[in-house]
Structure formats: C-alpha cells, structure tokens
Amino acid sequence: MLPEIVAQNTSASQSVPWWKFFYDFSLLTQPVDVWLKGSVSPFWSTVIEMAIVGVLFLLFYAVVGLFLVYAERKVCAFIQNRLGPNRIGPFGIFQTVADLIKLLFKELIPIKNADSFLFNLAPFIVIIVNFMVLAAIPFSKGLHAIDFNIGIFYVIAVSSMSVVGVLLAGWSSNSKYSLIGAMRSGAQIVSYELSIGLAIITIVILAGSMQLSEIIEAQRTGWFIFKGHIPALIAFVIYIISSTAETNRGPFDMAEAESELTAGYHTEYSGIRFAFFYLAEYINMFIVASIAATLFLGGWMPFHVGSWDGFNRIMDFIPPFIWYIGKTFFIIWIIMLFKWTFPRLRIDQLLTLEWKYLLPINLLNVLIMAFIVLMGWHF
Amino acid sequence: MRSIIEYLREIVLGIWSLLKGMKVTSTYFFSPGKIVTQKYPENRKSLVMLERFKGEVVMPHNEKNEHKCTGCGICEINCPNGTIEIISKVIITEDGKKKKAIDKHIYRLGMCTFCALCVKTCPSNALAFSQKFEHAVFNRALLNKILNKPGSQLMKGVE
Ligand code: SF4
Ligand code: SF4
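Residues numbered from 1 in each chain as written. Chains lettered and ligands numbered in written order. Predicted model: local features only at pLDDT ≥ 70, side-chain atom pairs only at ≥ 80, totals over all residues. Heavy atoms only, no water.

**Considerations on the overall build of chain B**
Our working rule: Runs of E in the DSSP output that reach at least two residues are strands. Runs of H or I that reach at least four are helices, and both are numbered from the N terminus. Atoms counted for the radius of gyration: C-alpha only. Globule rule: 2.2 Å times residue count to the power 0.38. Exposure is judged per residue with a 1.4 Å probe applied to protein chains only, and the accessible area is read against the type maximum: over 50% gives exposed, under 20% gives buried, and values in between give partly exposed.
Secondary structure assignment for chain B yields three helices and seven strands. Along its sequence from the N terminus, chain B presents helices and strands in the succession α-β-β-α-β-β-α-β-β-β. By the compact-globule yardstick of 15 Å for 159 residues, chain B is too spread out, its C-alpha radius of gyration being 27 Å. Principal axes of the C-alpha set define a box for chain B whose edges measure 95 × 45 × 30 Å. Counting over 159 residues, chain B shows a buried share of 28%.

Below, the structure is given as structure tokens:
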C-alpha cells in the first residue's frame, strides 16, 4: 500500500494552469509521482517521496506550532484589553520565532536521580505521536498523506498514545510536581478518550464510513453538523469539550496547573525539550480542531446546501485549503476562548463532568443517531 | 422523575452560564475598547504615572529651598532595610539656643523596597514618593542620594 504522496514543488506539467492546484492538489502530486517512478526504481521513488513528505511535515509542524503560540498570546491579550506581543516584526509576528531561538540556546539541565533515558525519550514520544496523527489528516483535496480505510479509528488510537509520553515525563523527572501532573493527566485522558470516541462514533454512524476522505465526500450535500441536526450538534459540543480536556488545555489544564504544580509534567524540562512539549501541546490542539472540522464541518468541503447548484458552484470558487484552514482556526479560536474564559476545574469536578454528564448523554446520543439514521430522518 | 428534571435543569443552566461567560470574552475579543497596554519607550514623553506609584523617596523642597525634615531620625529607625542614614548637626538658632538639625539625609535607592514606612512615619511629613521609575545607572554609587538639597534649611514653623 503506497501512501498517496504530496509534494509542493513547482515542477508540474505545463498543461494545467497553476491556480488549478489550489482546487485539487493531486494535479500537482500525480505528475511528480509519475516522473519519480519513471526515473528511479520503485523502492527509491517511495523513499524519496516519503522524505519529501517528511520534510514538508516538519516545516508545517514548526510553522503551525509557532503561529499557534503567537495566536494564543494575541487572543488572550485581546480578551484582556491588552495588545499582546508587538515588538518583533509587524504586530510582533516573529515573537515566537525569537522565543524558539532563545530556547534553542538554553542549557539542557540534567536532573539528579532522574531516569535520564526515559527523561530524554518522553518529549520525542509526544512529538512522534503528533506526526503520526498529522499523517492521516486531510488538509485539502489531494493533500492527504495516508488515506486509511480506518482513518478516524487510527487517529483516535494513535493520538491517545501521547499520554504515554506525558506519563513518562512525569515519572522519570524525579519530582513530585511532575508526577502529580502526569497522574492527573493520565486520569483525565483515560476518561475523556471515551467521550471523544463516542462522539466520533456518532458521526461514523451518520457517515457510514471510517475513511476520512469518504467522510468528507459524504458532506458534499451539506456538513454533518447540519445533516445530522440535533444529535450531531450534541456530539459536536461534547467533542469540543472533551478534546479540550484531552489536549490538557484550560479549563482542564490540571496536568500543568501552574498555580498548584509549577508546570506539571514538564516542570523539570528546560531548553529545547521544553519547547518540544510546548509545541506538541499546540499541535495537539491543531489536530483535534482539524478532526472536529473534518467530522462536523466538512473538512475542506466548501459550504454546500443540498441541491442549490448555483450557490454550491459559487462556494466552490474558494479553494478547499482555505475552507479547511478557516474551519480549523475557527475551532481553535473557540478552544482558546474556553481557556481564557473559564476557571480551572478541580479533579473531582472534572471526573464528575465526564462520568455523570458527558458519558450518559453521549451514549444516549449515539442511540438517537443510530435511530435517526435507521429511519432516514437526517437530511 | 424529579431527579431527572433536576439533572436536565442543571445541564441547561450550566451551559447557559458558560455561554454567558463566553459572550463576555468574545465581546472583548472583537471590540476590546480601551487598550490598557502602554507602548513604553515610544510614549515616554506623554507617559503619566499614577499618583500613587512609588518611584523613589524624595524630600520636597519649597521655592526658598526649605524642607520639613527636622533630623529626628525616625525614618532611619523605621526603615526595615537600613536604607536611610541620618547625619545630623547642631546649629545655633537666632535666639542663641543649640538645636539638632539635618546635615545629610542619605537615601540608598538600591536597597529600598518602597514599603513607604519612612514616608508614613515621618512626624513632620518631610518625605514623599516621586513617580520617576527610570532608575538604571551604570554605577552603583549613583544610587546613593542625599535627599536634602545643599544649602537647604528647615522650613519656618516646623519643629
Ligand atoms: S525625614 Fe522625617 S522622620 Fe526622617 S529624619 Fe527627617 S523629619 Fe525625621
Ligand atoms: S520606603 Fe521603606 S525601604 Fe525605602 S527608605 Fe522608606 S522605609 Fe526604607
């Protein structure tokens, strides 16, 4: 099974006008693929394509991570009547780049009696998990590294592995703060995984497929949040709440509750290892937001209304990539708004919310959705 | 049955109050109104500090170069950090009496925590805070200041 490979270099065939690529990236990637297959052996063509995709993902990771840190600081500042970073570059846009350079130069402090192997390994587990999930996310039409037939299942399965990195970080740093933070994070993720899974199942029932490209294709006549009306809306709300909890963000940021635990599981980390955790947190947020956008708001699918062909045609003029980024950033904005609006929950309140409210509602919701799909009451 | 209604009511009320909170923050996000951030080096000329801001301890003098410090030394005793040192002298007043007066009121800005104990306890209200906050100098010795101006005298009527 060869991954459907994505490349963004400009050596494309001359027959297609360049702006078409924005509407279907496979027009760009297919000729590259064909050209590579023709010039080198299949093994090497696969290796080269994978390397290209890897480099692109690395770039993407850094750019999105840094931008989200900047965006968070700006959103927070505006909510609090401040200006936020405004010194480096226009509107302070290079602030986070400067921060990263600072972190790169910082000393990596070795911790006494820490399990140094696990201590060094933990940030990489978190980052690797991020990359594995990013591989399955459809960014645009044809801009999709691996299109599994169990795509969404793969995403939940892999993304829940990041808690291993967090637990390792807490356990190996030989610090009470880290350990407590990691344990909280474990309890939190174990419970909220359940809600995320059930909310996703609700949509999988409606879509009838776990393949992300098919889920998006099924939203050609309308996004699922409109098609599935009430149960889809409930699932959307539950998904947003529990994914905020799963990414350890406020108001569910007890894993790093800075007022109680200094910084939770990454208290002992310094320099670039700390930056890894920090970036991973933001990429996690990006991932959950793009999954939400894909499942509920149609991913890169433009806003279509049933059989209004003229309207749909107009909407198609906006490139799918813009739609995808717009939806994802809308959801990221909501998640950021959560963080800067609500106070942090206590651990017992957190578990009460999950087990007494979200889970029963969610189970009932799955049932309702199954019934609606069975009766054909959706649009 | 009642508990189920109570449960649903709780959920609806909870969501309602959360939405209210989000409405407030998103209103601020889209129309922040008055931005409180000061763009400091640019607005240096027009920057007005708050009146209550404790920049450094000063001794106000009037236009005849008179201050109110009697040299009693209470501020020196009250300062928790030993920031203040009072060096007094003995002067002869017009009617021939000997009297203690301030020679040097030494204030070491580098050691001050701006607790305001000196300002509050001074019996003749001789001290005050200025709003100056740009204290950086290249030599630590420059932080040791003598608060009474050279040639200054005790204000008439202050004992
Ligand atoms: S400043 Fe006030 S308290 Fe200090 S010596 Fe002068 S009069 Fe006394
Ligand atoms: S403000 Fe406090 S620390 Fe500073 S000189 Fe006065 S008493 Fe001392």
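From this point, things continue past the structure.
**Re a nonpolar patch on the surface**
Residues and elements named next belong to chain A. Selection criterion: Each patch is built from residues lacking any salt bridge and having more than 30% relative accessible area; the joining distance is 9 Å for like charges and 5 Å for nonpolar side chains (Val, Leu, Ile, Met, Phe, Trp, Tyr). Every accessible area reported is derived by Shrake-Rupley at a probe size of 1.4 Å, with residue values counting cover from the shown protein chains alone. Take a side-chain nitrogen of Lys or Arg and a carboxyl oxygen of Asp or Glu: if they are within 4 Å of each other, that pair is a salt bridge.
A cluster of nonpolar side chains, contributed by Ile 88, Ile 93, Phe 94, Val 97, Ile 101 and Phe 105, occupies part of the molecular surface with about 550 Å² of accessible area. Inspection of the secondary structure assignment puts Phe 94 in the loop between α2 (42-79) and α3 (95-105). The class of Phe 94 is partly exposed, set by a relative accessible area of 45%.

**Concerning the site of ligand 1**
We count it as follows: Nearness is defined per residue: one heavy atom within 4 Å of the molecule or strand is enough. Each residue is assigned to one class: nonpolar for Ala, Val, Leu, Ile, Met, Phe, Trp, Tyr, Cys and Pro, charged for Asp, Glu, Lys and Arg, and polar for all the others, Gly among them.
If you check the shell around ligand 1, you find 13 residues, and the closest are Cys69(B), Cys72(B), Gly73(B), Cys75(B) and Cys122(B). Residues belonging to the shell around ligand 1 are distributed by class as follows: eight nonpolar, five polar and no charged.

**With respect to the site of ligand 2**
Lining the immediate surroundings of ligand 2 are 13 residues, of which Cys79(B), Cys112(B), Cys115(B), Ala116(B) and Cys118(B) lie closest. Class assignment for the residues of the shell around ligand 2 results in 10 nonpolar, three polar and no charged.

**Structural notes on helix α4 (residues 116-134) of chain A**
All names here are of chain A. Stated formally: One less than the number of residues in a helix, times 1.5 Å, gives the span that helix is expected to have. A residue's bend is given by the angle between axes fitted to the 7 residues ending at it and the 7 residues starting at it. Two residues qualify as a contact provided that any one of their heavy atoms is within 4.5 Å of a heavy atom in the partner residue.
An ideal rise of 1.5 Å per residue puts 27 Å on 19 residues; α4 measures up with 28 Å between its terminal C-alpha atoms. At Ala 122, α4 shows its strongest bend, of approximately 30°, with the proline Pro 123 following within four residues. Considered for burial, the residues of α4 that qualify are Leu 118, Phe 119, Ala 122, Pro 123, Ile 125, Val 126, Ile 127, Val 129, Asn 130, Val 133 and Leu 134. The secondary structure elements touched by the buried residues of α4 are α2, α5 (151-159), α6 (162-172) and α12 (271-296).

**Quick look at empty space enclosed by the protein**
Residue and element names in this part refer to chain A. Note the threshold: Residues are said to line a cavity or pocket when one of their atoms sits within 4 Å of a point; the points come from a 1 Å grid over protein atoms alone, cavities being sets where a 1.4 Å probe fits but cannot get out and pockets being open sets with protein on both sides within 12 Å along at least five of seven lines. Grid points are joined across faces, edges and corners, and a volume is the space filled by probe spheres set on the points.
This structure, assessed with the given rule, holds four cavities of 30 Å³ or more. As a volume, the largest cavity reaches approximately 260 Å³. If you trace the largest cavity, you find 22 residues lining it, with Ser 159, Ser 162, Glu 246, Thr 247 and Asn 284 closest to the centre. Top element by residues in the lining of the largest cavity is α12. It accounts for seven residues. For the lining of the largest cavity, the class distribution of residues is 14 nonpolar, five polar and three charged.

**Quick notes on the interface of chain B and chain A**
This is how the line gets drawn: Throughout this description, a polar contact denotes any pair of N or O atoms lying within 3.5 Å of each other; where both atoms belong to protein, one of them has to be capable of donating a hydrogen while the other can accept it, and for residues adjacent in sequence the pair is counted only when both atoms sit in side chains.
Taken residue by residue, the interface counts 20 residues in chain B and 20 residues in chain A. In this structure, the connection of chain B to chain A is made through seven residue pairs in polar contact (both at pLDDT 80 or more). Residue classes in the side of chain B that touches chain A are distributed as 12 nonpolar, four polar and four charged.

**Examining the sheet that holds strand β3 (residues 84-92) of chain B**
Residues and elements named next belong to chain B. Using the following cut-off: Any two strands are treated as partners once DSSP identifies two or more bridges connecting them. Note on method: axes are straight lines fitted to C-alpha atoms, helices fitted across the in-contact stretch only, with angles between N-to-C directions ranging 0 to 180 degrees.
Taken together, the three strands give an open sheet; going across it, the order is β3-β4-β6, and neighbouring strands pair in antiparallel fashion. Taken across any chain shown, the strands that pair with only one partner, and hence form the sheet edges, are β3 and β6 (144-146). Strand after strand, the sheet turns through a mean of 25° between neighbouring axes, direction not considered. Alignment of β3 against strand β4 (residues 98-108), held across nine bridges, turns out to be antiparallel. Paired with Ile 86 across the two strands is His 105, which belongs to β4.

**So, the packing of aromatic side chains**
Residues and elements named next belong to chain A. For clarity, the cut-off: Only Phe, Tyr and Trp rings take part, Trp by its six-membered ring, and two of them pair if their centres are within 6.5 Å. Stacked means planes under 30 degrees apart, edge-to-face means over 60, and tilted covers everything else.
A full pass over the atoms with the stated rule returns 29 aromatic pairs over all chains. With centroids separated by 6.2 Å and ring planes inclined at 50°, the aromatic side chains of Phe 57 and Phe 139 adopt a geometry described as tilted. On the criterion of sequence distance, the pair formed by Phe 57 in helix α2 and Phe 139 in the loop between α4 and α5 is long-range, its members being 82 residues apart. Its relative accessible area of 5% is what places Phe 139 among the buried residues. Through pairs of rings, three or more aromatic residues link up here, namely Phe 57, Phe 60, Phe 67, Tyr 70, Phe 139, Phe 286, Phe 321, Tyr 324 and Phe 329.

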